[in-house]
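Structure assessment
Here's the letter readout for the chains.
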Amino acid sequence: QPITTDMATLTQQVKKFATDKKMEIESLKVKEEYRREFMGNVSHELKTPLFTVQGYLSTLLDGAMDDKKVRKKYLERAEKGVERLVYIVEDLDMISKLEMGDVGIHNTKFDIVELIQNVFDMLEMSADHKNIILMFDRKYSKAIYVNADKEKIQQVLTNLVMNSIKYGKENGTTEVTIEDLVKNKIIVRIRDNGEGIEQQNLSRIFERFYRVDKSGARSVGGSGLGLSIVKHIIEAHGEKIYVESEFKKGSEFSFTLEKDK
Ligand code: ADP
């Protein structure tokens, strides 16, 4: 900027400079606080699977290795632990990018019906384990085109359907439906008849690292990041996500998308 000799303009420029710097420092402080809290959560999340892997490897080295059967069993468990670590690190990477606003949304036109079928195919084995039926009404035999980031919506659907299986009951069902909304919008619903979520926890499930059952005693794996990734992705599209649930009866997650011709 040109140097000015006008005192009033100079004072104004100095003031503006000071305010800008103050805002910059404030925003750095917020980022630093976020980073600190995030790192705390991360190390906490990583500890359990790391200790599991360490435990099995130490036991093997202490002699369990000599028994062929035990060796295989422990190595498999250690591998499971490493697998879990990989999932957590991938989720962490995604969530930190989303929260820092580093993830771009790349919209294309695609068929949401086909995407739902693909997600069902991928999760069929997990559903079979609990004898859960994945239902998608035959009336959606025709394509329904939407305008959105296909890869990210696939992740949203995967996380929501996977949750409906993880927290669903044996021999239960997961039902996906699509409805027209006003003004070029559709709403996709994922409904299960599983364990449901108590009212007092409902407002917190989209927070990162929040899990209703913190004990970890349950066999259901997860890091508590899935739903917060889902919410970020939907909101980055400028769309909305809802949840309704009745404890011990089931849950319904739904989100809106923009239709394409
Ligand atoms: P994670 O499944 O890894 O714990 P999420 O962020 O996907 O993390 O979900 C957070 C919590 O919300 C879960 O731990 C679970 O308590 C609850 N939850 C999510 N989906 C469902 C569902 N379909 N039915 C019941 N509870 C659910």
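Residues numbered from 1 in each chain as written. Predicted model: local features only at pLDDT ≥ 70, side-chain atom pairs only at ≥ 80, totals over all residues. Heavy atoms only, no water.

**Remarks on the site of the ligand**
Near the ligand there are 19 residues, and of these Asn163, Tyr167, Arg211, Gly224 and Leu227 occur at the shortest range. Between Arg211 and the ligand, the recorded distance is 2.4 Å, taken from a side-chain N or O atom to an oxygen atom. Backbone polar atom of Gly226 to an oxygen atom of the ligand: 3.3 Å apart, as the coordinates give it. For the shell around the ligand, the elements supplying multiple residues, two or more each, are α4 (150-166), α6 (226-236) and β7 (250-258). For the shell around the ligand, the element with the highest residue contribution is α4, accounting for 3 residues. Among the residues making up the shell around the ligand, the classes are represented as 8 nonpolar, 8 polar and 3 charged. (Near = heavy atom within 4 Å. Polar contact = N/O pair within 3.5 Å; in protein donor to acceptor, adjacent residues only side chain to side chain. Helix = DSSP H or I, 4+ residues; strand = E, 2+ residues; numbered from the N terminus. Nonpolar A, V, L, I, M, F, W, Y, C, P; charged D, E, K, R; others polar.)

**Digging into the side chain of Asn159**
The residue Asn159 is located in helix α4 in this model. Owing to a relative accessible area of 15%, Asn159 belongs among the buried residues under this scheme. In this structure the side chain of Asn159 is engaged in a polar contact, spanning 3.3 Å, whose partner is the backbone oxygen of Gly226. What Asn159 contacts, discounting residues up to four positions off in sequence, is Gly226, Ile229 and Val230. (Buried < 20%, exposed > 50% of the residue type's maximum accessible area, 1.4 Å probe, protein only. Contact = heavy atoms within 4.5 Å.)

**Here's the deal with helix α1 (residues 7-61)**
Across its 55 residues, α1 extends 78 Å between first and last C-alpha, which sits within 8% of the 81 Å expected from 1.5 Å per residue. Of all the bends in α1, the largest measures some 30° and sits at Lys47, one to four residues before the proline Pro49. Taken together, the buried positions of α1 are occupied by Tyr34, Phe38, Val42, Glu45, Leu46, Pro49, Val53, Tyr56 and Leu60. As for α1, its buried residues are in contact with α2 (68-99). The backbone nitrogen of Ala8 has a side-chain oxygen 3.0 Å away, supplied by the residue at the start of α1, namely Asp6. One or two positions beyond α1, positive phi appears at Gly63, with a value near 135°. (Expected span 1.5 Å × (residues − 1). Bend = angle between axes of the 7 residues up to and from the residue.)

Remember that the coordinates give geometry; whether it matters functionally is a separate question.
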